[in-house]
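One letter stands for each residue in the lines below.
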There are 2 protein chains.
Amino acid sequence: LSLADDVRAGDVRALARAVTIVEDGRPEAPALLGALFPHAGRALVVGVTGPPGAGKSTLVDRLAAHLRAAGRTLGIVAVDPTSPFTGGAILGDRIRMQAHATDPGVFIRSMATRGHLGGLAASTGHVLTVLAAAGKDMILVETVGVGQDEVEIAGTADVSLVVLVPGLGDEVQALKAGILEIADVFVVNKADRDGADRLVTQVEAMLSLAGPDSARPAIVRTVATADEGTADLLAAVEAFRVRAERSGLLARKRRDHLRRQFEGTLQDRLRRRVEETVLGREERERIVDRLAAREVDPFAAVDDVLGKMGW
Amino acid sequence: LSLADDVRAGDVRALARAVTIVEDGRPEAPALLGALFPHAGRALVVGVTGPPGAGKSTLVDRLAAHLRAAGRTLGIVAVDPTSPFTGGAILGDRIRMQAHATDPGVFIRSMATRGHLGGLAASTGHVLTVLAAAGKDMILVETVGVGQDEVEIAGTADVSLVVLVPGLGDEVQALKAGILEIADVFVVNKADRDGADRLVTQVEAMLSLAGPDSARPAIVRTVATADEGTADLLAAVEAFRVRAERSGLLARKRRDHLRRQFEGTLQDRLRRRVEETVLGREERERIVDRLAAREVDPFAAVDDVLGKMGW
């Protein structure tokens, strides 16, 4: 496939086209991904998540500038599952795109819509495959919302940064079990604000309950707007990578990621197959009519569909 | 089915048991739901969503007290897709359970875990089926998070309340397109606070751009902690119901709800069938091994699985 070759050769336009094909789930996506997948194992995927207002976009910008200055190529994927309660991501993304517009070493894409090939998490995985096969050293995945979707996406990264800020209130950033599971590095951003020390102490207290010292996520203070702490953060990411490679954690994370990508793809294909064979639009609406009239219940309706498929 | 009869007769213990069976997706759930589904069309389902800190739980409490005083029976379902950035819901729910513990006219259940039968939205739908078949007049579905999951759950209600508060900041409650689509009634809670007028004006301005006057959602001011505006809010809900019944909107909403419930159930059954026939745990891990070694890509692996099923 010529497009796959162009992507692997680092052609910027080919990369943009390939990402669009994959994101839109076009018919040629499976063959393209099949050609790229064997070459997609090298990039380090860094997830950046946290509540709105934590300064994630600015932080990602600073990380990108440092990495570029060190001669590394990177991709930035901003994922917004279009939650009505979050906003501004697309605008921030546009501003960022302008800042890096002349740099072919940075590829930026925002994924803002739903209904992706196998779910948004799986679709993000496919985009990562394309970027990794294009030879990017690091891919930053920024999730702009605060829901479970975003956590799932962030959780598919090799390294997950959870960005917190002082003063957002406990309710917004309540440090429940879920965050412990995904955070590899905690970032206390806007660390020049009142309450930063208290927040660091809270996170430390939480972590001390959670497990032995050796497995504890680092806590890094940053002031992204002033580019303070960015180098420390990159050092913490690298330290995590080295440790996770040695312990086998990185390999386990990548397996989980691939398992989810496989399951999402399977789910999607099953759905499509059922639609194409026994459950076209008309038949579906006929079933919904009968459900609305309470003539059949959802489970019995599903039994009918499976029966028609010979199951 | 005797349990279904007991549920329909209003037996509180039977109701609790039935909800647990459905929530856990136990083997007897399909038959139980099949027996209850024909009798589940009457209850009005009211969704309550909004950002953390908006006072949704207190508001739901006040609505419940007013409805009980008017002799109506109700169910309260609190849905928390275990987002690590939200918190406190389960605690709030426990407090509420104590307040209504002696009142058999209120049934309260929180759904806090994932991995539900056909997804959390579908699972919520099944629980609503049980509560409606038990003869509840109204069911309040409170979603405690702010992500897409919660919006989907709230969007399956007959009437969706979106609760906003002054001073949370535009970023948290940015009024994007998604919120317009689900909101039937806007609630400006904590309306005694500074900024309430400005928030109402903002919502009005947004609504004036969106469509003709007749279809515009009402905006109701409340101070839930002081029980102010609760009666107005219930009146707005009732006015919406009457209008939506007349216009056919309510029937369309219920069709959409049932369509989603059917699709979630179908998806779940397909997944289970594949697991039982060709994709047991061992086979799945063998595939993940090959993915991790980059010997096969996710699409080719899915083709293999479908091939083994004779597709």
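Check the entry above for the structure.
Description of the structure in this document.

What counts, and at which threshold
- Residues numbered from 1 in each chain as written.
- Chains lettered and ligands numbered in written order.
- Predicted model: local features only at pLDDT ≥ 70, side-chain atom pairs only at ≥ 80, totals over all residues.
- Heavy atoms only, no water.
- Helix = DSSP H or I, 4+ residues; strand = E, 2+ residues; numbered from the N terminus.
- Expected span 1.5 Å × (residues − 1).
- Buried < 20%, exposed > 50% of the residue type's maximum accessible area, 1.4 Å probe, protein only.
- Arc of directions from axis to C-beta.
- Pairing = 2+ DSSP bridges.
- Axes fitted to C-alpha atoms, helices over the stretch in contact; angles between N-to-C directions.

**Things to note about helix H11 (residues 230-247) of chain A**
Residues and elements named next belong to chain A.
Here is step 1: Relative to the 26 Å expected for 18 residues at 1.5 Å per residue, H11 spans 26 Å between its end C-alpha atoms, a close match to the ideal helical length.
Here is step 2: Restricting attention to buried positions, one finds in H11 the residues Thr-230, Leu-233, Leu-234, Ala-236, Val-237, Phe-240, Arg-241 and Ala-244. One side of H11 carries all its buried residues, which in axial view fall inside an arc of 155°. Those residues of H11 that are exposed and angled more than 90 degrees off the buried face are Asp-232 and Arg-246.

**Considerations on the sheet that holds strand S1 (residues 44-49) of chain A**
All names here are of chain A.
Here is step 1: Reading across from one edge, S3-S2-S4-S1-S5-S6-S7 is the order of the seven strands in this open sheet, with parallel pairing throughout. Each edge of the open sheet is held by one strand with a lone partner, namely strand S3 (106-111) and strand S7 (218-221). Going from strand to strand, the sheet's axes swing by 20° on average, the running direction of each strand aside.
Here is step 2: Looking at chain direction, strand S6 (residues 185-188) and S7 are connected through four bridges and run parallel. Bridge pairing in S7 links Phe-186 to Ile-219.

**What to know about the sheet that holds strand S5 (residues 159-164) of chain B**
Residue and element names in this part refer to chain B.
Here is step 1: Pairing is parallel in the open sheet, where seven strands are placed in the order S3-S2-S4-S1-S5-S6-S7. The strands lining the two open edges of the sheet, one partner per strand, are strand S3 (106-111) and strand S7 (218-221). Adjacent strand axes in the sheet meet at a mean angle of 20°, parallel and antiparallel pairs treated alike.

**Some thoughts on the pairing of strand S5 (residues 159-164) of chain A**
All names here are of chain A.
Here is step 1: Taken across its six residues, S5 has six buried, putting it largely inside the fold.
Here is step 2: Side chains of S5 alternate between two faces, with Val-159, Leu-161 and Val-163 and Ser-160, Val-162 and Leu-164 buried alike.
Here is step 3: Sheet analysis places S1 next to S5, joined by four bridges and oriented parallel. Across the sheet, Thr-49 pairs through a bridge with Val-162, a residue of S5.
Here is step 4: Across four bridges, S5 lies against S6 in parallel orientation.

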